[in-house]
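# Structure at a glance
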Amino acid sequence: MKNAEPEHEPIPEPADLNGHFVPPPPLIPFPEPWEYELHFPRDARGPAVARTTLKAVLGAHGLGEFTDRAELLTSELATNAVRYSLGPAVVRLRWTNPVLRVSVMDTCPVSPLPLAQQNADAECGRGLLILDLLADDWGGCSLGESLFGVGGKTVWFELVLGGGDPPSGGGAGHGSG
């Protein structure tokens, strides 16, 4: 009996312009820095795509310790980017051992307000409180207009492996870039 799945041609080995075999790149060693960036449109599915991407990257790099906190914080920031900006957003993951920094950039220039400046019974506006409770450090900055389009803002958080203090020069403190 023949398999119902279609047959596929074998995938050719990677080669350079002269037809010579090109070996795959080595895996990045754990302590070495790396960065990933995800661009997504203003779409309600964007935060879920960001969470899925974040989990895949952290799992691939052996940083499962960060997954729960990073997923919640990234979801909060990506959801705000979709909800309050009128354009696309970007999630950037940057590892500089022992610090993971996740930044979310959007086209809304208005920075989020701390909960103390809002009604304590409000059903929204708790994002910065969540950042304060779960992130080892966080901040944000306005982007202003650029040569390539509208400005906006970046809000970031850092998680430190083992929950310790970041290395000197790590975080810039709450509310700064």
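Right above here is the structure, for reference.
So, here's what we can say about the structure. Computed from a predicted structure; not experimentally measured.

## Here we look at helix H2 (residues 67–84)
Spanning 18 residues, H2 covers 25 Å between terminal C-alpha atoms, matching the ideal 26 Å at 1.5 Å per step. Among all positions of H2, only Thr67, Ala70, Glu71, Leu73, Thr74, Ser75, Leu77, Ala78, Ala81 and Val82 are buried. In this fold, the buried residues of H2 make contact with strand E1 (34–40), helix H1 (46–60), strand E2 (89–96), strand E3 (99–106), helix H3 (127–134) and strand E5 (153–160).

## A closer look at the side chain of Thr74
Turning to its location among the elements, Thr74 is positioned in helix H2. Using a relative accessible area of 1% as the deciding quantity, one classes Thr74 as buried. Discounting residues that sit within four places of it in the chain, Thr74 has contacts with Ala50, Leu54, Val91, Val102 and Phe157.

## Topic: the sheet that holds E1
Paired through backbone hydrogen bonds, the strands of a sheet run either parallel or antiparallel to each other. Read from one edge to the other, the open sheet built from five strands follows the order E1-E2-E3-E5-E4, with strand pairing classed as antiparallel. Two strands close off the open sheet at either side, each with one partner strand: E1 and strand E4 (137–142). Pairs of neighbouring strands in the sheet enclose a mean axial angle of 15°, with direction left out of account. Here E1 runs beside E2; their pairing, made up of seven bridges, is antiparallel. When the sheet's bridge partners are listed, Phe40 is paired in E2 with Ala89. Of the strands in this sheet, E1, E2 and E3 are in contact with H1, which crosses E1 at around 160°.

## A look at the environment of Phe30
Along the chain, Phe30 turns up in the segment before E1. Given a relative accessible area of 37%, Phe30 falls into the partly exposed group. On a C-alpha basis, the gap between Phe30 and Trp95 in space is 9.5 Å, while along the polypeptide they are 65 residues apart. Apart from the residues within four sequence positions on either side, Phe30 is in contact with His61, Gly62, Leu63, Trp95, Asn97 and Leu161.

## Re the pairing of E5
Remark: a regular strand shows side chains that alternate across the two faces of the sheet. For E5, the buried fraction is high: eight of the eight residues fall into the buried class. Side-chain alternation along E5 places Lys153, Val155, Phe157 and Leu159 on one buried face and Thr154, Trp156, Glu158 and Val160 on a second face that is also buried. Note: E3 against E5, eight bridges, orientation antiparallel. Considered in E5, the bridge of Val104 is made with Val155. With six bridges joining them, E4 and E5 adopt antiparallel strand pairing.

Rules and cut-offs
Along each chain, the written sequence defines residue order, and numbers are assigned to residues from 1. Where local features are concerned, this predicted model is filtered to residues with pLDDT of at least 70; where side-chain atom pairs are given and counted, the filter is 80 or more; whole-chain, interface and lining totals use all residues. Neither water nor hydrogens contribute to the side-chain values; these are computed over all heavy atoms in the structure. Segments assigned H or I by DSSP are reported as helices when at least four residues long, segments assigned E as strands when at least two residues long, and all are numbered from the N terminus. Take the number of residues in a helix, subtract one, and multiply by 1.5 Å to get its expected span. Relative accessibility under 20% of the residue-type maximum defines a buried residue, over 50% an exposed one, and the middle range a partly exposed one, all with a 1.4 Å probe and only protein chains included. In this analysis, two residues are considered to be in contact whenever any of their non-hydrogen atoms come within 4.5 Å of each other. Pairing between strands is defined by DSSP: at least two bridges between them are needed. Each axis is a line fitted through C-alpha atoms, and for a helix only the stretch in contact is used; angles between axes span 0 to 180 degrees, taken between their N-to-C directions.

Fair warning: the whole summary comes from geometry, so function is off the table for now.
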